[in-house]
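Per-entry structural report
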Amino acid sequence: MPDYAAQVLVCTNTENAEDRRHCGDKGGREVRQMFNELLVKHKLLDKVTVSNVGCTSQHKFCNGAQGNVIVYGPRHELGGTWYTASPDDVEEIITEHLVNGRIVERIRNAERSVKFS
Ligand code: FES
């Protein structure tokens, strides 16, 4: 069993709403695909696990190219960090957050965070 250091959850939810307000109708699926590709490029598949998640009511912050992303880890003190991210942001999340342990403040969803005690 791999010994993962971090978990990435990407909202790809789509409910076929006419206003296409959900992440899966915006950039969520493309964000997920970019994580798949770039985690291979950065040789992190054995350290970072990525999963799709359903709606967490944060799609209101996403523009037409973005999706909701939640990152747990890679260090305990980082807790869980929520991002409003486009595919173009994924490389920075990987290099800054997942590799260097620094939150990417410019795309952080300040409404949400999870702290571990
Ligand atoms: S559809 Fe992604 S947070 Fe609601």
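Residues numbered from 1 in each chain as written. Predicted model: local features only at pLDDT ≥ 70, side-chain atom pairs only at ≥ 80, totals over all residues. Heavy atoms only, no water.

1. Regarding the sheet that holds strand β2 (residues 48-53)
Counted only if it meets this: The pairing criterion is simple: DSSP has to find at least two bridges between the two strands. Numbering of helices and strands runs from the N terminus, with a helix taken as a DSSP run of H or I at least four residues long and a strand as a DSSP run of E at least two residues long. An axis is simply a line fitted to the C-alpha atoms; with a helix, the fit covers only the stretch in contact. Between two such axes, the angle follows the N-to-C directions and lies from 0 to 180 degrees. Only heavy atoms matter for contacts: two residues are in contact if any of them lie within 4.5 Å across the pair.
Sheet architecture is open: five strands sit in the order β2-β1-β3-β4-β5, paired in mixed fashion. Two strands close off the open sheet at either side, each with one partner strand: β2 and β5 (108-114). Across the sheet, the mean angle from the axis of one strand to that of its neighbour is 20°, orientation sign disregarded. As defined by bridge partners, strand β3 (residues 67-72) adjoins strand β4 (residues 80-85) across six bridges and the pair is classed as antiparallel. Considered in β4, the bridge of V71 is made with T81. Along the sheet face, helix α2 (residues 90-99) touches β1 (6-11), β2, β3 and β4 and points at about 170° away from the line of β4.

2. Some remarks on the nonpolar core
How we decide: What we call a nonpolar core is a set of buried Ala, Val, Leu, Ile, Met, Phe, Trp, Tyr and Cys residues that are connected through their side-chain atoms within 4.5 Å. Between buried and exposed lies partly exposed: a residue is buried under 20% and exposed over 50% of the maximum accessible area for its type, with that area taken using a 1.4 Å probe on protein chains only.
Within the largest apolar cluster, 20 residues are counted, with the highest numbers of intra-cluster contacts made by V8, F35 and V69. Counting only elements with at least two residues in this core, the list comes to β1, α1 (28-41), β2, β3, β4 and α2. When neighbours within four sequence positions are excluded, V8 is seen to be in contact with F35, V48, T49, V50, S51, V69, I70, V71 and L98.

3. Some details on α1
Under the convention used in this document: Multiplying 1.5 Å by the helix residue count minus one yields the expected span of that helix. Directions drawn from the helix axis to the C-beta atoms are what define this arc.
If you check α1, its first and last C-alpha atoms are 20 Å apart, about what 14 residues at 1.5 Å a residue would give, namely 20 Å. All of the buried residues along α1 are G28, V31, F35, L38 and L39. All buried residues of α1 lie within an arc of 100° about the axis, which places them on one face of the element. Two residues or fewer past α1, K43 is found with a positive phi of approximately 55°.

4. A look at the pattern of salt bridges
Side-chain pairs of opposite charge can arise whenever the charged atoms involved come near each other. What counts, and what does not: Throughout this description, the term salt bridge denotes a Lys or Arg side-chain nitrogen within 4 Å of a carboxyl oxygen of Asp or Glu.
Here the structure, examined in full by the defined rule, presents seven salt bridges. Taking the shortest distance from any N to any O, the salt bridge between R75 and E77 comes out at 2.7 Å. Judged by relative accessible area, R75 falls into the partly exposed class, the value being 37%. A salt bridge links E96 to R102, with the nearest nitrogen and oxygen atoms 2.8 Å apart. Among the charged side chains, a salt-bridge network with shared partners connects D89, E92 and R106.

5. Observations concerning the packing of α1 against α2
For clarity, the cut-off: Should an angle lie under 35 degrees it is considered roughly parallel, over 145 roughly antiparallel, and from 65 to 115 roughly perpendicular; all remaining angles are considered oblique. Each crossing gets its hand from how the near helix is turned against the far one by less than a right angle, where anticlockwise is left-handed and clockwise is right-handed. Asp, Glu, Lys and Arg are counted as charged, while Ala, Val, Leu, Ile, Met, Phe, Trp, Tyr, Cys and Pro are counted as nonpolar; the rest, among them Gly, fall into the polar class.
Where α1 meets α2, the closest approach of the two axes is 9 Å, and the angle between their N-to-C directions is 50°. Classed by the angle they form, the pair α1 and α2 counts as oblique. Where α1 crosses over α2, the two elements pack in a sense that is right-handed. Here V31, M34, F35, L38, L39 and K41 of α1 come into contact with α2, specifically with V90, E91, I93, I94 and L98. When grouped by side-chain class, the residues that make up the contact of α1 with α2 number nine nonpolar, no polar and two charged.

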